[in-house]
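Structure at a glance
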Amino acid sequence: MSDSSNLSRGNERIAARLRLIGPGQRWDIFEGEATNTDGLDAFCVVSRELPTELEGFELRLQKTHRIPEKLGHMVECLLKAKELPSWLGAFCRPGSMVGVRVCYSTVPGVREYYYQRAGEGMNRSATGDFFRNMTCSVFGLGHTPLIGATAASLLTCMIALAATPFLEAGPWKFVMLALALTASLACLLFEKWAHRYYVAEDPREVVLDEVAGMALALAIGGPALPAIFTAFFAFRFFDIFKPGIHWIEESGWPGVIVWDDLLAGLYAGGALILAGHLIFFIFS
């Protein structure tokens, strides 16, 4: 059986998925073809071709194989490959705060095939799954490669901007709070379903939590255009780099999928208030 302590590079994500569909650690990871599946509830084959079908198992999920890379290294390699000047990657230097952020790069032509023992999958409702998927992914934005969370945050700001001509500051903030609350409740309600459906502990496809956090930041900052603009960048900063936020991700509380985004929204809103007071103090 597999032990996550000695998994090869890039397999940590695979192991996390298998834990959701293979209870009791009865899972394994294979390269090319599955060899010994006796006693397994689930397994993953990392391969360039669709593996041979095994009796007693059903293909549950296919994913592009990704491996962890530091953002700075990814940008550096991209610039070299495209023969572009290195100074274009100054903001993402390998040793900078941005550059050391771990991302996942696609391995061309390699896919992950997840198999589960027949009869142990979740009961599915096509209509229900479609509705929940559209809700959690915010009309499919979560399926956008790399920028799904940013796109959902930007959509929230666009909704906020669209509402400014029609609402005074008080009602506008109430609408943003209501949006944050509604999105948070939906995240809580669909969290367990999302774990099973996307087969991930923190599915990247779920960006409804970004809507909740962004709406909270906007409600604190207010409807002025500079505040909305600043709130967007402040929220993305706190949501991506998570200073002082990791503890809530490790709490194990129900709904942890959204708590970190709400905390990022709270930090972003607080930063806006402090910046406003500072500007007033300087220029008054």
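Residues numbered from 1 in each chain as written. Predicted model: local features only at pLDDT ≥ 70, side-chain atom pairs only at ≥ 80, totals over all residues. Heavy atoms only, no water.

With respect to the environment of Ala118
Counting through the fold element by element, Ala118 comes out in the loop between strand E4 (102–117) and helix H3 (126–136). The class of Ala118 is partly exposed, set by a relative accessible area of 45%. (Helix = DSSP H or I, 4+ residues; strand = E, 2+ residues; numbered from the N terminus. Buried < 20%, exposed > 50% of the residue type's maximum accessible area, 1.4 Å probe, protein only.)

A few points about the layout of surface pockets
In this structure, the largest pocket spans a volume of roughly 1500 Å³. Lining the largest pocket are 38 residues, with Arg101, Val102, Tyr104, Asp202 and Arg204 positioned closest to its centre. Residue composition of the lining of the largest pocket, by class: 16 nonpolar, 5 polar and 17 charged. Space inside the second largest pocket adds up to approximately 260 Å³. Taken together, the elements giving at least two residues each to the lining of the second largest pocket come down to H3, helix H4 (148–163), helix H5 (169–198) and helix H6 (208–221). Class assignment for the residues of the lining of the second largest pocket results in 13 nonpolar, 3 polar and no charged. (1 Å grid on protein atoms, 1.4 Å probe; cavity = no way out; pocket = protein on both sides within 12 Å on 5 of 7 lines; lining within 4 Å. Points joined across faces, edges and corners; volume = space filled by probe spheres on them. Nonpolar A, V, L, I, M, F, W, Y, C, P; charged D, E, K, R; others polar.)

Topic: the pairing of strand E2 (residues 42–47)
Counting buried positions along E2 gives 6 out of 6 residues, so the element sits mostly inside the fold. Residues Ala42, Cys44 and Val46 line one face of E2 and the alternating positions Phe43, Val45 and Ser47 line the opposite face, and both faces are buried. Sheet topology places strand E1 (residues 27–31) next to E2; 5 bridges connect them, and they run parallel. Bridge assignment links Phe30 to a residue of E2, and that residue is Val45. (Pairing = 2+ DSSP bridges.)

A few points about the side chain of Asp209
Mapped onto the elements of the fold, Asp209 is located in helix H6. Buried and without a salt bridge, Asp209 has Lys242 as its closest oppositely charged side chain, separated by 7.2 Å. If we skip the residues at most four places from it in the chain, Asp209 touches Cys187, Ile257, Val258 and Asp261. (Lys, Arg positive; Asp, Glu negative; His and termini not counted. Salt bridge = Lys/Arg side-chain N within 4 Å of Asp/Glu carboxyl O. Contact = heavy atoms within 4.5 Å.)

Considering the confidence of the model for the chain
Chain-level statistics for the chain give a pLDDT mean of 87 and a share of 94% at 70 or above. Here residues 1–7 is a poorly scored stretch, pLDDT under 50, and it has 15 contacts once near neighbours within four places are set aside; other chains count. (pLDDT = per-residue confidence, 0-100.)

Some details on unusual backbone geometry
Phi is positive for Phe139, which is not a glycine, with a value near 60°. Not every positive phi belongs to a glycine, and Lys242 is a case in point at roughly 50°. Residue position: Lys242 is located in the loop between helix H7 (225–241) and helix H8 (246–249). For Lys242, a relative accessible area of 12% puts it in the buried group.

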